[in-house]
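The residues making up each chain are set out below.
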Amino acid sequence: MKTKYIACLYIAMLLLVTNTAFAQRIRKDHREMTPSEKTAYVNALIVLRNNGTLTTMGNHHTSHFTSAIHTTSTTNGEFFLPWHRIYAVQMENAIRTSSAAASSLCVPYWDWRLENTAANVTWDDAGFLQLSALNSASYTITRSLGTTNILATPANITNMLTIPTLISSPPTTGLKSSTVNFFTYRMEFWHDRGHNFIGGTMGTSASPRDPIFFLHHNFVDKLWQEWYDSDNGIAKTDYTFTA
């Protein structure tokens, strides 16, 4: 059974996609991409590398890194999930406008329940997101796959999806952990493990310079949507974001 999900976006994000308030995009596990889709995707990334978009995206993330898009000892992470959702749509739009061949592509996701060791990760295989395909004389990213941190297990994720409350009210600094009973903060904890598992550029504030960033965050976004949509008998408590 194919593991696909419908990216249901907020109205503001839908306006980034089209002028139609009901637009949807289907994202899928990168392993389900066809060879032609992978080729078009990599070619789009090369266009975005050469025209400076990947650098700009990385710089944008760096400029917000110590804000509430993450949880630290001084920031409360209340925008971690929605900020990165919008950010991923912006990247997807850039890919789609890079060429006619990429005009219908969606950024896929990396399911780190299934690809959870350096040996079984396939997104860096020949024909897709290999460093040799992405680096150039003027643009360099690095990785050190699997040298640190353990990714979430299927059991970890199943347990996380039963958490009843999205985030503390008010949002709290320094709260993320593997046991905290708020979905946002536990999700961010396991998300951090993914960055550290890849290492190199992904372990820095400029992590979006490595295109695997967006596959990683699209899996985070998929899990958020699954949490929101699930009917597991757990009454959920949402959070109203304030400007």
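Bear in mind the structure is a predicted one, so any value in this text is a computation, not a measurement. (Residues numbered from 1 in each chain as written. Predicted model: local features only at pLDDT ≥ 70, side-chain atom pairs only at ≥ 80, totals over all residues. Heavy atoms only, no water.)

Caption draft 1: Looking closely at the confidence of the model for the chain. Overall, the predicted model of the chain reaches an average pLDDT of 89, with 86% of residues at or above 70. Looking across the chain, the model is least confident in strand β1 (residues 4–7), with a mean pLDDT of 40, and most confident in helix α2 (residues 35–50), with 98. Overall, residues 1–15 carries pLDDT values under 50, and its contacts beyond four positions in sequence, including any with other chains, amount to 37 contacts. Residue range residues 17–22 is modelled with pLDDT below 50. Its contacts to residues more than four positions away, or to other chains, number eight contacts. (pLDDT = per-residue confidence, 0-100. Helix = DSSP H or I, 4+ residues; strand = E, 2+ residues; numbered from the N terminus. Contact = heavy atoms within 4.5 Å.)

Caption draft 2: Focus on the nonpolar core. One finds Y41, I95, W110, W112, F183 and M187 to be the most contacted residues of the largest nonpolar core, which totals 58 residues. Going through the elements one at a time, α2, α3 (53–64), α4 (80–96), α6 (154–160), α7 (183–198) and α8 (212–229) are the ones with two or more residues in this core. Take this core: its biggest share by element is nine residues, from α8. If we ignore the near neighbours within four places in the chain, the residues touching W110 are H30, E115, V121, W123, L151, G194, F197, I198, I212, L215, H216 and F219. (Core = buried A, V, L, I, M, F, W, Y, C linked by side-chain atoms within 4.5 Å. Buried < 20%, exposed > 50% of the residue type's maximum accessible area, 1.4 Å probe, protein only.)

Caption draft 3: Highlighting the packing of α2 against α4. With their axes 9 Å apart at the nearest point, α2 and α4 run at an angle of 100 degrees to one another. Taken together, α2 and α4 sit at an angle that is classed as roughly perpendicular. Contact residues: Y41, A44, L45 and L48 in α2; M91, A94 and I95 in α4. A per-class count over the contact of α2 with α4 returns seven nonpolar, no polar and no charged. (Axes fitted to C-alpha atoms, helices over the stretch in contact; angles between N-to-C directions. Parallel < 35°, antiparallel > 145°, perpendicular 65-115°, else oblique. Nonpolar A, V, L, I, M, F, W, Y, C, P; charged D, E, K, R; others polar.)

Caption draft 4: Layout of the pattern of salt bridges. One pass over the structure, following the stated rule, counts eleven salt bridges. In this structure, D221 and R85 form a salt bridge, with 2.5 Å as the shortest nitrogen-oxygen distance. Of the two residues, D221 sits in helix α8 while R85 sits in helix α4, which places them 136 residues apart along the sequence. Comparing D221 with R85, the two get one shared label, buried. Salt-bridge contacts for D192 lead to K176; the nearest nitrogen and oxygen are separated by 2.5 Å. Pair noted here: D192 is in helix α7 and K176 is in the loop between α6 and α7, with a separation of 16 residues, a long-range link. With relative accessibility at 21%, the residue D192 sits in the partly exposed group. Classification of K176 by relative accessible area gives partly exposed; the value is 27%. If you follow the salt bridges from partner to partner, you end up with R25, R27, R85, E92 and D221 in one network. (Salt bridge = Lys/Arg side-chain N within 4 Å of Asp/Glu carboxyl O.)

Caption draft 5: Structural context of α7. In a regular helix each residue adds 1.5 Å, so 16 residues correspond to 22 Å; α7 covers 23 Å between its end C-alpha atoms and thus fits that length. Taken across its 16 residues, α7 has 14 buried, putting it largely inside the fold. Where α7 terminates, the next one or two residues include G199, which has phi positive at roughly 70 degrees. (Expected span 1.5 Å × (residues − 1).)

Caption draft 6: Structural view of α3. Compared with the 16 Å implied by 1.5 Å per residue over twelve residues, the 17 Å span of α3 between its first and last C-alpha is a close match. Contact partners of the buried residues in α3: α2, α4 and α8.

Caption draft 7: Region of interest: unusual backbone geometry. Residue P170 is reached from S169 by a cis peptide bond, and omega for that bond is 5 degrees. Note that P170 resides in the loop between α6 and α7.

Caption draft 8: Spatial organisation of empty space enclosed by the protein. According to the stated counting rule, one finds one cavity of 30 Å³ or more in the structure shown. By volume, the largest cavity amounts to about 60 Å³. The set of elements that each furnish at least two residues to the lining of the largest cavity consists of α4 and α8. In terms of residues, the lining of the largest cavity owes the most to one element, α4, which gives five residues. Along the lines of polarity and charge, the residues of the lining of the largest cavity split into four nonpolar, three polar and three charged. (1 Å grid on protein atoms, 1.4 Å probe; cavity = no way out; pocket = protein on both sides within 12 Å on 5 of 7 lines; lining within 4 Å. Points joined across faces, edges and corners; volume = space filled by probe spheres on them.)

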